[in-house]
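What follows is each chain in one-letter form.
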Amino acid sequence: MSMHRFFPLLSLLLVGCSANVEPPSDDSSRTGGSTSIGGPTRILESPESPSAPIPSSSRQRTDWPCFLGPNFDNIATEKGIIAPWPKAGLGKVWDCPLGIGYAPPVVSAGKLYHFDRFEDNCRLTCRNALTGKLLWQFDYPTNYKDFYGYDPGPRSCPTVDGDRVYIYGPEGMLYCLASHDGKEIWKLDTKEKFHFHQNFFGVGGSPLIHGDFVIVAVGGSEKGPRPVDLRQAKPNGTAIVGIDKKTGQVKYAKGNELSSYSSPIVSTIAGKRTGLYFARGGLLGFDPQTGETAFHFKWRAPLEESVNAANPVVIGDHVFISECYEHGSALLDLKDGKPKEVWTDFDKDKFDKSLMCHWNTPIYHNGFVYGCSGRHDNEADLRCIDLKTGDIKWRQKRTFRCTLLMVDGYFVCLSEYGTLSLIKVNPKKYEEVSKYDVPELQYPAWAPPVLSGGLLYVRGKGKLVCLELNPEKK
């Protein structure tokens, strides 16, 4: 089986499970302290107080507290980035070693949170986002093994909500922790509670905070042995689970769908707050307060091992979805509460489809959608399409699979082989301004870039790197 055949995230992100993966070193200038495995446990080894506020700097503090940022669209509001980049590339502020997994970090109140795995423990670390200094870490034991030989680390990234942080492990463990010191507040074993057959690559969707709820995609299955062909698995009505974010009490479990590698989101559509989840069988609309299903739009390739992984993109009362295994993309009109097709790639052949996103969520801007198209690295390209028609405006070949972050009139593009590109947002042509091969990044750099306070955080195999994208005011 090709190593490029499947993508085991999130949103969202490949590191082989290797005996030579080591925990962080004691070099406090890079990692902020040593690590200790065994859990569940809470470790506070840093001389810097974990509950103390992060010292102020001239950088404007902008939070990136959840997958794809505060608006779930991978668009940053910061201004004044470095453009073009110096010939030597972007300046490195700090880096640190990571365990295995695919998750990007998140940043809140000057602290960076990252979820990975060492040996038989999943680990959440909290660091000073400006320096990389380790503040605390939390570990819990896991026995997750991947059916397809991909590494068994976390696929989903943390979600921070004020004084709490939520993590959702590949085996289905959901934890709520205190964001200032990592103390466990509550936990829920979703597999034990709701019963699901292990998905192709484990649990991949990130937690969503909505009001008093933390919402997670579970996709429970009817009890019994896992079918040889997972297409025969039957849902048990627990596609989406809403949980009291403070107590861990389950408030609802609804939806007749199985899980995917997309993450649930909430957006205002036709004047109503609507939950959206690109589940295994298609797009599920739901009431985020009750979990009741509003609509279901079937969109899944018939191949057993196909997955839906990109998040839905909301544009007013329209929603754009995309997958890479066969169907491609679709634009849906939801102004009447039920999906109506504006256009789809369904009847087009492979070479005429508008956009076939694998794990990367595309970005919408001023009437156009930009994203990476292609299932394998050797066939992937970067495209701009007209939202109204699906017509391809331009494509740039041989970009490998990549993810985009939009900021200040540019795209920051991260290739899965660790190359960063700065590209002008231009629907008329591909306009590359700068390129930088980040020396610390190794394949697979599948996690989307994160930007907070002018600092760009990118990760590859076993390494997280912080780069200066927006210079600090002196």
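The rules behind the values
The residue numbering used here restarts from 1 in each chain and proceeds along that chain's sequence as written. Local features in this predicted model are restricted to residues of pLDDT 70 or higher, and side-chain atom pairs are both shown and tallied only at a pLDDT of 80 or more, whereas totals for entire chains, interfaces and linings draw on every residue. In computing side-chain properties, one takes all heavy atoms of the structure into account and sets aside hydrogens as well as water. Note: pLDDT gives the predictor's confidence per residue, expressed from 0 to 100. In this analysis, two residues are considered to be in contact whenever any of their non-hydrogen atoms come within 4.5 Å of each other. For the purposes of this section, nonpolar cores are sets of buried Ala, Val, Leu, Ile, Met, Phe, Trp, Tyr and Cys residues that join through side-chain atoms within 4.5 Å. Buried, partly exposed and exposed residues are distinguished by accessible area as a fraction of the type maximum, computed with a 1.4 Å probe on protein chains only: under 20%, between the cut-offs, and over 50%, respectively. Working definition: helices are DSSP H or I runs of at least four residues, strands are E runs of at least two. Numbering for both runs from the N terminus. Two strands form a pair only when DSSP identifies at least two bridges running between them. Every axis in this analysis is a line fitted to C-alpha atoms, fitted for helices over the stretch in contact. Angles between the N-to-C directions lie between 0 and 180 degrees. Polar contacts, as counted here, are pairs of nitrogen or oxygen atoms within 3.5 Å of one another; within protein the pair requires one atom able to donate a hydrogen and one able to accept it, and residues that are adjacent in sequence qualify only if both atoms are side-chain atoms. A side-chain nitrogen of Lys or Arg and a carboxyl oxygen of Asp or Glu constitute a salt bridge if their distance falls within 4 Å. Each pair of aromatic rings taken from Phe, Tyr and Trp, with Trp reduced to its six-membered ring, is defined by centres within 6.5 Å and is described as stacked if the planes are under 30 degrees apart, edge-to-face if over 60, and tilted in the remaining cases.

Student: How would you sum up the confidence of the model for the protein chain? Please name residues and give values.
Tutor: Across the protein chain, pLDDT averages 90, with 87% of residues at or above 70. Confidence over residues 1-41 falls short of pLDDT 50; this stretch has 163 contacts with residues more than four positions distant or in other chains. Scored below 50 in pLDDT, residues 43-47 makes 17 contacts in the model with residues more than four places away or belonging to other chains.

Student: Provide a residue-level description of the nonpolar core, including the pertinent values.
Tutor: Grouped together as the largest cluster of nonpolar side chains are 33 residues, with contacts concentrated most on Leu420, Tyr457 and Leu469. Among the secondary structure elements, those contributing two or more residues to this core are β2 (92-97), β27 (402-407), β28 (410-415), β29 (419-424), β31 (450-452), β32 (455-460) and β33 (463-468). Discounting residues that sit within four places of it in the chain, leucine 469 has contacts with Ile81, Ile82, Trp85, Leu90, Val407, Val412, Leu451, Gly454 and Leu456.

Student: Tell me what's going on with the sheet that holds strand β14 (residues 250-254), and back it up with residues and numbers.
Tutor: The strands that make up a sheet pair up through hydrogen bonds in the backbone, lying either parallel or antiparallel. Strands sit in the order β11-β12-β13-β14 across an open sheet of 4 strands; the sheet is antiparallel. Single-partner strands in this sheet number two, and they are β11 (208-210) and β14. For this sheet, the mean angle separating the axes of adjacent strands, direction not counted, is 20°. Examined bridge by bridge, strand β13 (residues 240-244) and β14 share 4 bridges and lie antiparallel to one another. Along β14, the bridge assignment pairs isoleucine 243 with valine 250.

Student: Just give me the short version of the pairing of strand β10 (residues 184-189), but keep the residues and values in it.
Tutor: In the sheet, strand β9 (residues 173-178) pairs with β10 via 5 bridges, with the strands oriented antiparallel. Within β10, the residue paired with leucine 177 across the bridge is glutamate 184. Between β9 and β10, which pair antiparallel and follow one another directly, the connecting turn spans 5 residues, one of which, glycine 182, has a positive phi of 80°.

Student: Quick one: what's the story with the pairing of β13, residue by residue and with numbers?
Tutor: Buried residues dominate β13, accounting for 5 of its 5 residues. Bridge count between strand β12 (residues 213-217) and β13: 5 bridges; the pairing is antiparallel. From the neighbouring strand, alanine 217 faces β13, where its bridge partner is isoleucine 240. Joining the antiparallel neighbours β13 and β14 is a turn of 5 residues, in which glycine 248 adopts a positive phi near 85°.

Student: Describe the sheet that holds strand β15 (residues 265-269), with residues and values.
Tutor: In spatial order, the strands read β15-β16-β17-β18; together these 4 strands make up an open sheet with antiparallel pairing. Looking at which strands have only one partner, the edges of the open sheet turn out to be β15 and β18 (293-298). Looking at each pair of strands side by side, their axes are set apart by 25° on average, direction ignored. In this structure, strand β17 (residues 282-286) lies alongside β18, joined through 5 bridges in antiparallel fashion. The partner of leucine 283 across the bridge, within β18, is phenylalanine 297.

Student: Give me the lowdown on the side chain of asparagine 360, citing residues and values where you can.
Tutor: Mapped onto the secondary structure, asparagine 360 falls in the loop between β22 (340-344) and β23 (363-365). Look at asparagine 360 and you get buried, because its relative accessible area is 5%. Within polar-contact distance, the side chain of asparagine 360 engages the backbone nitrogen of histidine 358 at 3.4 Å. Contacts of asparagine 360, omitting those with residues within four sequence positions, involve Ala310, Gly371, Cys372, Cys402 and Thr403.

Student: Which residues make up the pattern of salt bridges, and what are the values?
Tutor: Pairing between side chains of opposite charge can happen when their charged atoms approach one another. Under the counting rule described, the total for this entry stands at 18 salt bridges. Lysine 92 serves as the salt-bridge partner of glutamate 440, at 3.1 Å between the closest nitrogen and oxygen. Placement of the pair is glutamate 440 in the loop between β30 (432-437) and β31 and lysine 92 in strand β2, with a sequence separation of 348 residues. Aspartate 381 serves as the salt-bridge partner of arginine 395, at 4.0 Å between the closest nitrogen and oxygen.

Student: A description of the packing of aromatic side chains should follow, citing residues and the corresponding values.
Tutor: As enumerated under the stated definition, the model contains 22 aromatic pairs in all. When the centroid spacing of 6.3 Å and the interplanar angle of 50° are considered together, the rings of phenylalanine 200 and phenylalanine 201 count as tilted. The exposure class assigned to phenylalanine 200 is buried, which follows from its relative accessible area of 1%. With relative accessibility at 0%, the residue phenylalanine 201 sits in the buried group. Note on tyrosine 370 and tryptophan 394: the rings are 6.2 Å apart at their centroids and 50° apart in plane angle, and the pair reads as tilted. Here tyrosine 370, found in strand β24 (residues 368-373), pairs with tryptophan 394, found in strand β26 (residues 392-397); they are 24 residues apart in sequence, far enough to count as distant.

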